[in-house]
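Summary of structural features
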Amino acid sequence: MKTALITGGSRGIGRATAQQLAGLGMQVLINYKSNQQAADEVVNEIIASGGNAVAIQANIASEDEVTQMFATIREQYGDLDYLVNNAGILFQQCTAEQLTAERINTVMATNVTGLLICCREFIKNARHFNQFHGKAIVNVSSAAARLGSPNEYIDYAASKGAVDTITKGLSLELAELGIRVNGVRPGSIYTHMHTDGGEPARVDRVASQIPMKRGGQPEEIAEVITWLLSDASSYVTGAMIDATGGR
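Since we're looking at a predicted model, the values are computed, not measured.

1. Overview of the packing of aromatic side chains
One pass over the full model with this rule turns up 1 aromatic pair. Ring centres 5.6 Å apart and planes at 80° place the aromatic pair tyrosine 153 and tyrosine 156 in the edge-to-face group.

2. Here we look at the pattern of salt bridges
Inspection of the entire model under this criterion finds 13 salt bridges. Across the pair glutamate 152 and arginine 205 runs a salt bridge, and its minimum N-O distance is 3.0 Å. With a gap of 53 residues between them, glutamate 152 in the loop between helix H5 (144-147) and helix H6 (154-174) and arginine 205 in helix H8 (residues 202-206) connect regions that are remote in the sequence. Take arginine 205: its relative accessible area is 42%, and that puts it in the partly exposed class. Residues joined by salt bridges that share partners form a network here, namely Glu63, Arg120, Glu121 and Lys124.

3. Re the nonpolar core
Within soluble globular proteins, side chains that are nonpolar generally end up buried alongside one another. Core analysis: the largest hydrophobic core is formed by 28 residues, its most contacted members being Leu5, Met69, Phe70 and Ile137. Among the secondary structure elements, those contributing two or more residues to this core are helix H3 (63-77), helix H4 (101-129) and H6. Among the elements that take part in this core, H4 stands out by supplying 8 residues, more than any other. Among residues more than four places away in sequence, those in contact with methionine 69 are Leu5, Asn31, Ile56, Ala58 and Ile60. Ala18, Val140, Ile221 and Val224 belong to the second-largest nonpolar core, a separate cluster that totals 26 residues.

What counts as what
Residues numbered from 1 in each chain as written. Predicted model: local features only at pLDDT ≥ 70, side-chain atom pairs only at ≥ 80, totals over all residues. Heavy atoms only, no water. Phe/Tyr/Trp six-rings, centres within 6.5 Å; stacked < 30°, edge-to-face > 60°. Salt bridge = Lys/Arg side-chain N within 4 Å of Asp/Glu carboxyl O. Helix = DSSP H or I, 4+ residues; strand = E, 2+ residues; numbered from the N terminus. Buried < 20%, exposed > 50% of the residue type's maximum accessible area, 1.4 Å probe, protein only. Core = buried A, V, L, I, M, F, W, Y, C linked by side-chain atoms within 4.5 Å. Contact = heavy atoms within 4.5 Å.

What follows is the structure, encoded as structure tokens:
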């Protein structure tokens, strides 16, 4: 049975991905930061459907907590086949003039540093078991990396630009080992993240600007992630797939 770790797996794209991977017969480890109830709901749904899932708490912004999470995974669940770096944060919409160093650094701590530390620990885990070939990492970026998110959250956009760079660099570093690294850039997706940004109905507001004239669903992004993890994409690494409705 393949095992996949999904960071930020208790809601939105992470939740949809966990459900899809579990439906394919994988053991799914659902990381969450603080909302244990939401994580347990996903686990219970998967188990009720005949799948295999557990919830694992860790704040991705904390190197110590990430290191401990991977140590626990090694001890209790063994080797990891897949890592989906989905955990990400943003704050209230604002202009660059209103940004603070504290806010910028907080965004970077989870979206960039935490993601790269998760990658580091995944590689160490593979080395511990001396198993590299066939493993895959998918980093969830954002169309914001290309669009810049002016007047909303340039700090978040910058963090996702860094995710794209990490994806490219890691794909080249790990290709010979047999670990593939790819990314997906979601566009405007119906998730709770827009509430964090202060505008729950943002997707509806920008839908007219999207060539397909609609926002996306988390399940549509999960399909891309699932493909990037699967053997169907076995010759794909270093790719960034835009799932933006054409934007």
